[in-house]
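The lines below spell out each chain.
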Amino acid sequence: MSTSPAGLRVVGQSVPRADGADKVTGRARYVDDLSLPGMLIGKVLRSPYPHARIVRIDTSAARALPGVHAVLTGEDTPKVPWGFFVPDQYPLSVGKVRYVGEEVAAIAARDDETAARAVGMIEVSYEELPAVFDQEEAMAEGAPSIHDVTNNVAMHFKIERGDVEAALAAADVVVDETFEGMLQWQTPMEPTGCLAVYEAGKFTLWANVSGLFRARMQLARALAVDPGQVRIIQPAVGGGFGGKSMDDNNAVICALLARAARRPVKLVNTREEDFIGGRPRPTIRIRARMGFTRDGTMIGKDIRLVADNGAYSGKAPAAAGVAALRHDTLYLNDTVRSELYVAYTNKVPTGAFRGFGNPSGEWAVEQAFDIGCAKLGLDPREVALKNAVGPGRVSPHGNRIGSCELRECIRRATDRIGWTEGRAAKRPYHGLGLALSAHVSGKRHFYDYDGSSVILQVNQDGRVVILSGEGEVGQGATTVMAQIAAEELGVPYEHVSHMQADTESTPFVLGAFASRLTYVAGNAVRQAAAKARAEILLSASEFLEAHPADLEIQDGRVQVKGVPQRAMTVGEVASRHNFRKGGQPIVVTGTWDSDSESHGTDRYGSESGAFSFCAHAVEVQVDPDTGKVTVLNYAMATDCGTIVNPVLAESQEEGGLIQGIGYALTEGLLIQDGQLVNPNFSDYKIPCIADIPPLHQEFVPSYEPTGPFGAKGLGEISMDPVAAAIGNAVADAIGARIHTLPITPEKVLAAIDRRERRGERR
Amino acid sequence: VSVLPRFELHEPETFDELFALAWRYGEDARYLAGGTALVLLMRSQLLQPAALLALHRLPGIGGITRDSGRLRLGALATHDDLARSPLLRQHAPALAEAFRHVATPRIRHMGTVGGNLAHADPHQDPPVALIALGAAVVARGPKGERRIPLDELFTGYYETVLAPREVLTAVEVPVPAPDVRTAFVKFLSRSADDYATVNVAVALRESGGQVAEARLAVGCMGPTPIRARDAETLLVGQVPDDARLRVVGEAVVTMTDPVLDSRGSPDYKRRITPVIVARAIRQAWDGVSRARRDGAPT
């Protein structure tokens, strides 16, 4: 059965994943599977204190241990602070430590056991400093100073469009409530790791990072060398979800050890290290004020966000920026204000996680919207439909919306969950919730560039190889790109493969983030495939003695239109094109930069070339005696343009939902006095499959004119509104609101108690 | 990569051999059953035994049998063996149910009932279900064998009355009388794949519309599983209606000493304990009344 849009053969089909067979047979080689002659094992000594001055480090005993080849402290590093947005961290501590788990020293030794023993022999004396663990306490007068910045503020902005106070004053109903998310960890199956070699002044790293070239820029800075002295090769990667976007020190330390030891060094985090030294989703406290007129029109919105950066700035400043602004792409209201503070605390630094700032922002703002509906006595579905944006809209921050089926998403998600009937037959401790989201398809985040380039080569056997540095972390990017190339070229999907992403043999790109690969890299691949197709047709026109315009490529064969017997295979064309005097292989480049705009300090401009939209509707049941929330039924309707691969798209959304349910109900790093108390899967609970409700998925018909075959980004949006949708459903069920994540049974029970003390009944 | 400390592995085939090895290594040796808890403790460097003495070649330490009114669970029977055992499912379905809910399939295929009890983690399900059924363990040491009622085995977090070289060889469960109904309820505050927040097992015998005998056990609520004798007394001679269940629930709570963990605060755990106790008793009692209604043998 063909699921392809009209006229398409490969795009729209659930072809098997390009990397699937290797992964299920165990052939795929992850960092920890790699080995080189003479390879050493790296190990890191981490700070036990949240904030302390390093008085003295004695490494002599560790150095004297047989089998130890290198011992490094901050003194042995270039001491260049690095970081994507705010360079403020060192590879190994210099002068003081700022969180429990910070890398203080590192060892390279002949094996795990020796490395572990040597780490235990390093003696560090610390002088403890006062520490602060709450972002607003950190900004208060007299708080301990973590970095050399005023009030521990790493970043601040305030943006106002229109007169927000006047709008709120004129509103019939004003919501004013404060919400906070939590530190959510990415939970990839494979921990972060690296194998590094230093030879002839050059570093080569097999690192499981998700953006090779951005990682190279950061590594070069941290190592104080030129980018050309760093080569990164991407092995098979066991999931990242943002956690492998090189905000942490693993690869830097591994490279430094390899240089010091003059031997290959492998440094793979233990699961516990991945927890304590990773870069989880930042927690953001958000006060949301929202004004509506009596008929449900939103007329003003004001949010103030204080994000907990942790001890160093990973991607929290950028993620919090998204939490502050992206939501204004959803609704027709133009009168908005956002003020954001990102404050340092003595906790684990934070970073990118699927959804970026959106799940944090939605948790607050989509609940505020729901509270507004309740205050107005209106159905959230109708209020959402009334305020939802459509195609052609320009958001107050300048986002230009192309294709947009948000209203259809709202209708379908609510219909699939039986929204209207369910509300009419409301049962006690039973609730329905709705939440929406908008997501980018790539973002102009790194200088004034939001593009992608590929090289595409057609071999003499007609097989096609894509050289792209975007890489594959498990999301299915190489499968989708192969489908786009096969579609455009007219060759079978099985004839297209990918070169391993490598900063020395695949072209410069930005890598995976912001749901950009299908849309941005897909356009580059499509363009390259179109060029190759034109070249093949031109060459074949000579061999088949026909005008190129009269030729077509179908299933790997070039043929004269209407005369299928006058044909030759793509391989035969490529071969004859090559093996003749003055011949050459068919090698083309494709390059595409999106129509997005980079943000100045006014934060105005269309941050992405296309926007995806979704609506989630959920039905929950609450046990009034224990507070336990059971998710009974879930519906998601998404507009992400053309679906390139239905099975991959569905599984992306399933994964997003599961991580969203974890964010809503079960997860969260627990830090007590600076110590992470749940750095394992026994205490840090992700949902298991028995916790996942029946899921109804809809991809609404949509076509994005600027996307490859009409496609937009899809990797993250399914995670964005889950917690808010569940939060709204819980509020509907118990008649009270939970303001912090996760929604534990304990909080729910306390909320029911408070409501009952007020004398209200369900 | 976390490193498993070096150790010597011995696989004795007789108890004499086992005790000789245990004598030789003293406190540096640990008995190895399924290893699911032990290996984790070793990987996290909490234990660094010089030797592991594997029990799997010892005679008469596995299997599930029934003789003279008792089920005998060999110490090396895995959770999965027990969950699937036709004998258990017939005579003690609540017990089979408790084993079915331990951890994940991987753990259930490795972890053993003997290891589970000797480990003495108060968050486990099997001890609670076994206490409610009046189980005892058989411990064998160099000087011979002794029986220990399960509600006397545990003394604290990860602590038991077992002497240093004693090894658990079997668990004996009296086959419940035909008119006894049992229930096991595990409350999970987060994921379905988790330790219980509180778990309750109950065995009730009915006579003349009242509780004639009761045994009640509660887990996760203190350093050891709790046999709630005071609450049992409050049930006997009574009809377990809502008012009685409230009294029983309050009596159970006074015996608990829960700690804060990622599953909830002590207050929350105390708050929901009577709820789960009442659910377990109701479930068992419903079994009693259903059996009478259906005319099943009582």
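Placed above this text is the structure.
What you see is a predicted model; the values in this text were computed from it and never measured.

Residue and element names in this part refer to chain B. Its location among the elements puts Asp-121 in the loop between helix H7 (113-119) and helix H8 (126-132). No salt bridge is formed by the buried Asp-121; its nearest oppositely charged neighbour, Arg-263, is found at 8.0 Å. A polar atom in the side chain of Asp-121 sits 2.8 Å from the backbone nitrogen of His-123. Here Asp-121 is in contact with Tyr-158 and Tyr-195, once residues within four sequence places are set aside.

Residues spaced three or four apart along an α-helix point in a common direction, a consequence of the helix completing one turn every 3.6 residues. Under the 1.5 Å per step criterion, the end-to-end length of helix H10 (residues 358-376) of chain A is 26 Å for 19 residues, consistent within 8% with the ideal 27 Å. Taking burial as the measure, the 19 residues of H10(A) include 17 buried ones, the bulk of the element.

Moving on to unusual backbone geometry. With an omega of -5°, the peptide bond running from Leu741(A) to Pro742(A) counts as cis. Relative to the assigned elements, Pro742(A) resides in the loop between helix H18 (722-734) and helix H19 (745-757). Positioned with a positive phi, Gln45(B) is a non-glycine residue whose angle comes to about 65°. Here Gln45(B) lies in the loop between helix H2 (38-43) and strand E3 (51-54). One non-glycine residue, Cys220(B), lies in positive phi territory at about 75°.

This part is about the pattern of salt bridges. Enumeration according to the criterion identifies 72 salt bridges over all chains in this entry. The residue Arg110(A) makes a salt bridge to Asp111(A) at a minimum N-O spacing of 3.9 Å. For Arg444(A), the salt bridge identified is with Asp593(A), shortest N-O distance 2.9 Å. Pair noted here: Arg444(A) is in the loop between strand E16 (430-440) and strand E17 (451-458) and Asp593(A) is in strand E23 (residues 586-593), with a separation of 149 residues, a long-range link. For Asp593(A), a relative accessible area of 36% translates into the label partly exposed. When salt bridges with common partners are traced through the structure, they connect Asp683(A), Arg190(B), Asp194(B), Asp261(B), Arg263(B) and Lys269(B) into a single cluster.

All names here are of chain A. Taken as a whole and assessed by the stated rule, the structure comprises 10 cavities of 30 Å³ or more. Looking at the largest cavity, its volume works out to about 80 Å³. Lining the largest cavity are Trp-185, Gln-186, Pro-188, Thr-192, Gly-243, Asp-248, Asn-269, Asp-274, Gly-277, Gly-278 and Arg-279. Looking at the lining of the largest cavity residue by residue, the classes come out as two nonpolar, six polar and three charged.

Counting residues at the interface gives 26 residues for chain A, matched by 24 residues for chain B. Taken together, both faces of the contact between chain A and chain B bury some 2,000 Å²; the carbon and sulfur share is 51%. Looking only at chain A, the three residues that lose the most surface to chain B are Glu113(A), Lys685(A) and Glu746(A), adding up to 24% of its buried area. Here chain A and chain B share five salt bridges between them. Arg271(B) is the salt-bridge partner of Asp753(A), the closest N and O atoms lying 2.6 Å from each other. The interface formed by chain A and chain B includes 12 residue pairs in polar contact (both at pLDDT 80 or more). Elements with a minimum of two residues in the side of chain A that touches chain B: helix H3 (112-121) and H19 of chain A. When residues of the side of chain A that touches chain B are assigned to their parent elements, the largest contribution, four residues, is made by H19(A).

Before going further, it helps to spend a moment on the layout of surface pockets. Residue and element names in this part refer to chain A. Here the second largest pocket defines a volume of roughly 690 Å³. The set of elements that each furnish at least two residues to the lining of the second largest pocket consists of helix H6 (212-223) and helix H9 (316-325). Take the lining of the second largest pocket: its biggest share by element is five residues, from H9. When the residues that make up the lining of the second largest pocket are grouped by side-chain class, the tally is 12 nonpolar, 12 polar and seven charged.

What follows covers the pairing of strand E25 (residues 629-639) of chain A. Counting buried positions over the 11 residues of E25(A) gives nine, a clear majority of the element. Hairpin connection of strand E24 (residues 611-622) of chain A to E25(A): six residues between the antiparallel strands, including Gly627(A) at a positive phi of 80°.

On to H3(A). All names here are of chain A. Residues Thr-114, Ala-115, Ala-118 and Val-119 constitute the buried set of H3. In an axial view of H3, the angular spread of the buried residues amounts to 135°, which keeps them on one side of the axis. More than 90 degrees from the buried face of H3, the exposed residues found are Arg-117 and Gly-120. Here the buried face of H3 lies against strand E1 (40-46), helix H2 (60-64), strand E3 (68-73) and strand E5 (103-109).

It is worth spelling out the environment of Met182(A) at this point. All names here are of chain A. Here Met-182 lies in the loop between strand E8 (173-180) and strand E9 (193-199). A residue is classified by how much of its surface remains accessible, and Met-182, at 5% relative accessible area, is buried. As a C-alpha pair, Met-182 and Ser-145 span 37 residues in sequence and 23 Å in three-dimensional space. Once you skip the residues sitting within four places of it in the chain, Met-182 turns out to touch Arg-281, Pro-282, Thr-283, Gly-662, Tyr-663, Glu-667, Gly-668, Leu-741 and Pro-742.

What follows is about the packing of aromatic side chains. Residues and elements named next belong to chain A. Counted by the stated rule, this structure contains 16 aromatic pairs over all chains. On the numbers, 6.3 Å between centres and 75° between planes, the contact of Tyr-99 with Tyr-312 is edge-to-face. Taken together, the residues Tyr-99 in the loop between strand E4 (96-97) and E5 and Tyr-312 in the loop between strand E14 (298-310) and H9 connect sequence positions 213 residues apart. Tyr-99 sits in the buried class, given a relative accessible area of 1%. Between Tyr-331 and Phe-369, the aromatic rings sit 4.5 Å apart at their centres with planes inclined by 0°, giving stacked as the arrangement. Of this pair, Tyr-331 sits in the loop between H9 and strand E15 (336-344) while Phe-369 sits in helix H10, and the two are 38 residues apart along the sequence. Here Tyr-331 and Phe-369 have matching classes, each one buried. Grouped by ring-pair contacts, the aromatic residues Phe-84, Phe-85, Phe-446 and Phe-513 constitute a single cluster. In this structure, Arg-259 packs its charged tip against the face of Tyr-198, placed 5.9 Å from the ring centre. One cation-aromatic arrangement involves Arg-281 over Tyr-663; the distance from NZ or CZ to the ring centre is 5.1 Å.

Moving on to the packing of helix H15 (residues 517-544) of chain A against helix H16 (residues 570-578) of chain A. All names here are of chain A. The N-to-C vectors of H15 and H16 enclose an angle of 80°; their axes lie 9 Å apart at closest approach. With respect to their mutual orientation, H15 and H16 come out roughly perpendicular. Note on element contacts: H16 touches H15 through Val-570, Val-573, Arg-576 and His-577, opposite Glu-535, Ile-536, Ser-539, Ala-540 and Phe-543. Each residue belonging to the contact of H15 with H16 can be placed in one class, and the counts come to five nonpolar, two polar and two charged.

Conventions we followed
Residues numbered from 1 in each chain as written. Chains lettered and ligands numbered in written order. Predicted model: local features only at pLDDT ≥ 70, side-chain atom pairs only at ≥ 80, totals over all residues. Heavy atoms only, no water. Helix = DSSP H or I, 4+ residues; strand = E, 2+ residues; numbered from the N terminus. Buried < 20%, exposed > 50% of the residue type's maximum accessible area, 1.4 Å probe, protein only. Lys, Arg positive; Asp, Glu negative; His and termini not counted. Salt bridge = Lys/Arg side-chain N within 4 Å of Asp/Glu carboxyl O. Polar contact = N/O pair within 3.5 Å; in protein donor to acceptor, adjacent residues only side chain to side chain. Contact = heavy atoms within 4.5 Å. Expected span 1.5 Å × (residues − 1). 1 Å grid on protein atoms, 1.4 Å probe; cavity = no way out; pocket = protein on both sides within 12 Å on 5 of 7 lines; lining within 4 Å. Points joined across faces, edges and corners; volume = space filled by probe spheres on them. Nonpolar A, V, L, I, M, F, W, Y, C, P; charged D, E, K, R; others polar. Buried area = accessible area lost by both parts, 1.4 Å probe. Pairing = 2+ DSSP bridges. Arc of directions from axis to C-beta. Phe/Tyr/Trp six-rings, centres within 6.5 Å; stacked < 30°, edge-to-face > 60°. Lys NZ or Arg CZ within 6 Å of the ring centre and 35° of its normal. Axes fitted to C-alpha atoms, helices over the stretch in contact; angles between N-to-C directions. Parallel < 35°, antiparallel > 145°, perpendicular 65-115°, else oblique.

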